[in-house]
Amino acid sequence: QVQLVESGGGLVQPGGSLRLSCAASGSISAIGTMGWYREPPGKQRELVATITNGGMTNYADSVKGRFTISRDNVRMTMYLQMNSLKPEDTAVYYCKARVVDDETRRTLERWGQGTLVTVSS
């Protein structure tokens, strides 16, 4: 069974930094595009950033210049370095990945369980 597990969330003051990780595990033969999404309190889930397996990145305008997405294909792990955090960055952050199941050879879309980031003084 393919699983994504996020870690690294927590409470941080405005202007601070956090680094989120998303580790994939299970019977995976390949991982395609991965991405970070967030769900602010009372709002809909929104795209934060995506990264292809070749390293091409895309960011929401609200995080450009502050957040950096990266991945380690050997460790099957994706990261989100978040700097200059603002209170409006407060949200549950989810990772998503398109993976090829090694057993069924099917392409699946998987979500992690989410990690809470709170930016507050």
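Residues numbered from 1 in each chain as written. Predicted model: local features only at pLDDT ≥ 70, side-chain atom pairs only at ≥ 80, totals over all residues. Heavy atoms only, no water.

Asker: Even after reading the chapter, I still don't get the overall build of the protein chain, so can you show me in this structure?
Answerer: Across its full length, the protein chain carries zero helices and 11 strands. Sequence-ordered secondary structure for the protein chain, helices as α and strands as β, is β-β-β-β-β-β-β-β-β-β-β. In terms of overall dimensions, the protein chain is globule-like: its C-alpha atoms have a radius of gyration of 14 Å, near the 14 Å expected for 121 residues. Principal-axis analysis of the C-alpha atoms gives the protein chain an extent of 45 × 25 × 25 Å. Taking all 121 residues of the protein chain together, 43% fall into the buried category. (Helix = DSSP H or I, 4+ residues; strand = E, 2+ residues; numbered from the N terminus. Rg over C-alpha atoms; globule rule 2.2 N^0.38 Å. Buried < 20%, exposed > 50% of the residue type's maximum accessible area, 1.4 Å probe, protein only.)

Asker: It is not clear to me how the state of the cysteines should be interpreted in this structure. Could you clarify?
Answerer: As used here, a disulfide is simply a covalent bond connecting the sulfur atoms of two cysteines. Throughout the structure, instances matching the rule amount to one disulfide. Disulfide partner of C22: C95, at an S-S distance of 2.1 Å. On the sign convention where negative means left-handed, the S-S torsion of about 60° between C22 and C95 marks this disulfide as right-handed. You can see C22 sitting in strand 3 (residues 18–25) and its partner C95 sitting in strand 9 (residues 91–101), a full 73 residues away along the chain. Each of the two residues, C22 as well as C95, counts as buried. (Disulfide = S-S within 2.5 Å.)

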